[in-house]
Amino acid sequence: KDIPGTSAISPGTSKECAPDSESPSGTGEADYCRRILVRDAKGTIREIVLPKGLDLDRPKRTRTSFTAEQLYRLELEFQRCQYVVGRERTELARQLNLSETQVR
């Protein structure tokens with residue numbers, strides 16, 4: 001469906017997308033980005049340039065919900081030492097019942 005005041009957009013036609021040299025196909029279009037049109041809350045249509053490799057359909061990672069006690073302890077450790085590594089990190093994760101990745 002056409003939107004008044006807009007035109008069809010093909011990947012790689014803006015300055016943000018254009019590579020420094022011609023693509024192997026000779027079209028001059030970038031092989032690494034795509035452009036999409038989105039309508040904001042006010043109804044204004046905007047163009048967004050995104051890398052083609054960005055998987056917009058992939059589900060987002062769920063955010064960890066820390067308890068008040070876990071946050072308190074993590075903040076104390078951060079004040080003491082901003083980089084918790086090795087055995088300290090493993091032990092803190094075990095004590096707080098978190099993964100080591102969550103104790104970063």
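Where an unreviewed UniProt entry is consulted, the chain appears under the name VAX2B protein, with the organism given as Turnix velox.

Looking at the chain as a whole, the pLDDT averages 75, with 70% of positions reaching at least 70. Contacts of residues 1-16 to residues separated by more than four positions or lying in other chains number 26 contacts, the stretch itself having pLDDT below 50. Confidence over residues 19-29 falls short of pLDDT 50; this stretch has 15 contacts with residues more than four positions distant or in other chains.

In a soluble, globular protein the nonpolar side chains are often hidden away together inside. Counting residues in hydrophobic clusters, the biggest one holds six residues: Leu 74, Leu 92, Ala 93, Leu 96, Leu 98 and Val 103. The leading source of residues in this core is helix H2 (residues 86-96), at three residues. Look past the residues within four positions of Leu 98 in its chain and what remains in contact with it is Phe 66, Gln 70, Leu 74, Ala 93 and Val 103.

Within the secondary structure, Gln 70 sits in helix H1 (residues 68-80). Here the side chain of Gln 70 touches Thr 67 through a polar contact of 2.8 Å, landing on its backbone nitrogen. Sequence-distant contacts of Gln 70, defined by excluding residues within four places in its chain, comprise Ser 65, Leu 96, Asn 97 and Leu 98.

Attention shifts here to the side chain of Glu 77. For Glu 77, the location among the structural elements is in helix H1. On the accessibility criterion, Glu 77 (15% relative accessible area) is buried. A polar side-chain atom of Glu 77 sits 3.1 Å from a polar atom in the side chain of Arg 80.

Parameters at a glance
- Residues numbered from 1 in each chain as written.
- Predicted model: local features only at pLDDT ≥ 70, side-chain atom pairs only at ≥ 80, totals over all residues.
- Heavy atoms only, no water.
- pLDDT = per-residue confidence, 0-100.
- Contact = heavy atoms within 4.5 Å.
- Core = buried A, V, L, I, M, F, W, Y, C linked by side-chain atoms within 4.5 Å.
- Buried < 20%, exposed > 50% of the residue type's maximum accessible area, 1.4 Å probe, protein only.
- Helix = DSSP H or I, 4+ residues; strand = E, 2+ residues; numbered from the N terminus.
- Polar contact = N/O pair within 3.5 Å; in protein donor to acceptor, adjacent residues only side chain to side chain.

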